[in-house]
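Descriptive analysis of the structure
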Amino acid sequence: MKQKKSYKSIRPDAIVKEYRLTIIVLWILHVLTVPLAIFFLWRGFSGQTSPVNGVMSAFVACFANYLIYVVRIYKLNQLNSILTMDCDPVKYEKVFRKIRGGLWKNPVYTLNIARARYYQGDWQGAMSELKAMAKPREKSILTFQYYNLMVSCLEQEGNFDRIVEIREKVKKLLSTLKEKSNLAANGRQLLTIIDGVLTVHRQNITRAKEIYEELYENASFTLSRLTALWKLAQLDHLTGANRSAADHCEYIIDAGGTTFFVKEAESLLPQCRRPVQVEETSCDESLEDESDGTE
C-alpha cells in the first residue's frame, strides 16, 4: 500500500497517542463483529427474518471484520513510513518504544525497534533486540524481515558463515511457498540481498555492483534506495569510479535523514574528491614546467 501520510512534522508522543487510540477503536469493532454475525444468523434461523437474509447479513459482518484487520495493518504500515520514507530511525525508535510499553507486546514492535537501532549504526543493539524477541513462525510475514535484519547485523560483525546458513534456511523456506505469492517475492528479494553481501565479502566486485544496481532499480522506498546506493558508493570508490561514488554520497547526505549512512557518506565523500584534486595539481605543475622550459 502506498503511504501518503507524512509524520515529519508530528512529535512522537502525538503519533503514539493517535495510533493507540485508532487501534483500540479498531479492536473494539473487531470484537463486536463476532457476536453481530452470530446475532444475524440467529435471526435468520429463528424465523425473525429469512435464512438467506440472516446468512448474508452474517457474511457482511465477517467481511467487515476482515476489513478492520486490513485497516490495522495499514495503520502500522503508515508508521513504518517514518523509517522507510522519512529515513528517521531516531523518531521511529521513540515511537515504537512508547507503543511497546504496557500490554502492547506485539513482536513486530520489537522488530521495528531493532531496525531503528541498526539504521542508527548500533548493530549490537539491533542484535540484542532480535535475540530478545520470539523468532517468527516460518510462514509469517515477519520471517523474511527478521532474517533480513539479522543478515545486516551479521555482516557488520563479519560473521559470514552464519549468513550462509541463513541463506540456506531462506532457500528451504522458499521451496515450500507458492511461487507467485507476495511472501515468496519477499524471500527472493532477500536472497538477492544476501548474495550481494556474500559477493562483496568474496571480492567479486563486478557481480556485486550488478546486484546492488538491480536492488536500487527495484527499490520501493527511499530507505532501500539509500541502502543500495551506499553499497554502490563503496564499490565505485574501491574501483576508482570516484565521480560516481561522490554523486551517490551527495544523494545519501541529502536524503539520508538520521540514518548512519549520512555520517558514512560524509566520511567517504572527501576521499572520492581527493584524486581529482591531485590530478589537477599535477597538471598545473606540468604546465608550469613546460612554461619554464619555453622561457
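Residues numbered from 1 in each chain as written. Predicted model: local features only at pLDDT ≥ 70, side-chain atom pairs only at ≥ 80, totals over all residues. Heavy atoms only, no water.

**Some details on unusual backbone geometry**
Heads up, the rule is: A run of H or I in DSSP counts as a helix once it spans at least four residues, and a run of E counts as a strand once it spans at least two, with each numbered from the N terminus. Remark: exposure states derive from per-residue accessible area (1.4 Å probe, protein chains only) relative to the maximum for the residue type, with buried under 20%, exposed over 50%, and partly exposed in between.
Its identity as a non-glycine residue notwithstanding, Cys 87 has a phi of 55°, on the positive side. When you line up the elements, Cys 87 lands in the loop between helix H2 (51–84) and helix H3 (89–99). For Cys 87, a relative accessible area of 0% puts it in the buried group. Phi at Gln 203 is positive, roughly 60°, even though this residue is not glycine. By the secondary structure assignment, Gln 203 is in the loop between helix H8 (182–201) and helix H9 (205–217).

**Details of the confidence of the model for the protein**
Note that predicted coordinates carrying low pLDDT should not be read in detail. Convention followed: Confidence of the predictor at the level of single residues is captured by pLDDT, which takes values from 0 to 100. Contact criterion: two residues are considered in contact whenever any of their non-hydrogen atoms come within 4.5 Å of each other.
Averaged over all residues, the pLDDT of the protein is 88; the fraction at 70 or higher stands at 91%. Below pLDDT 50 for its whole length, residues 275–295 participates in 1 contact with residues either more than four positions away or in separate chains.

**Observations regarding the packing of aromatic side chains**
To be explicit about the condition: Whether two aromatic rings pair depends on their centres lying within 6.5 Å, for rings of Phe, Tyr and Trp, where Trp uses its six-membered ring; planes under 30 degrees apart make the pair stacked, over 60 edge-to-face, and the rest tilted.
Overall, the coordinates contain 10 aromatic pairs when judged by the stated rule. Aromatic pair Tyr 92 and Phe 96: ring centres 4.9 Å apart, planes at 65°, arrangement edge-to-face. Of this pair, Tyr 92 and Phe 96 are both found in helix H3, 4 residues apart, which corresponds to roughly one turn of the helix. Accessibility assignment for this pair places Tyr 92 and Phe 96 in one class, buried. The structure contains a cluster of three or more aromatic residues connected by ring pairs, namely Tyr 118, Tyr 119, Trp 123, Phe 260 and Phe 261.

**Some points on the pattern of salt bridges**
Note the threshold: Each salt bridge in this description consists of a side-chain nitrogen of Lys or Arg and a carboxyl oxygen of Asp or Glu lying within 4 Å of one another.
What the rule picks out here adds up to 12 salt bridges. For the salt bridge of Glu 18 with Lys 75, the shortest nitrogen-to-oxygen distance reads 3.2 Å. With a gap of 57 residues between them, Glu 18 in helix H1 (residues 12–45) and Lys 75 in helix H2 connect regions that are remote in the sequence. Glu 18 sits in the partly exposed class, given a relative accessible area of 28%. For Glu 129, the salt bridge identified is with Arg 100, shortest N-O distance 3.2 Å. Residue Glu 129 is located in helix H5 (residues 123–132), and its partner Arg 100 is located in the loop between H3 and helix H4 (107–119); the two are separated by 29 residues in the primary sequence.

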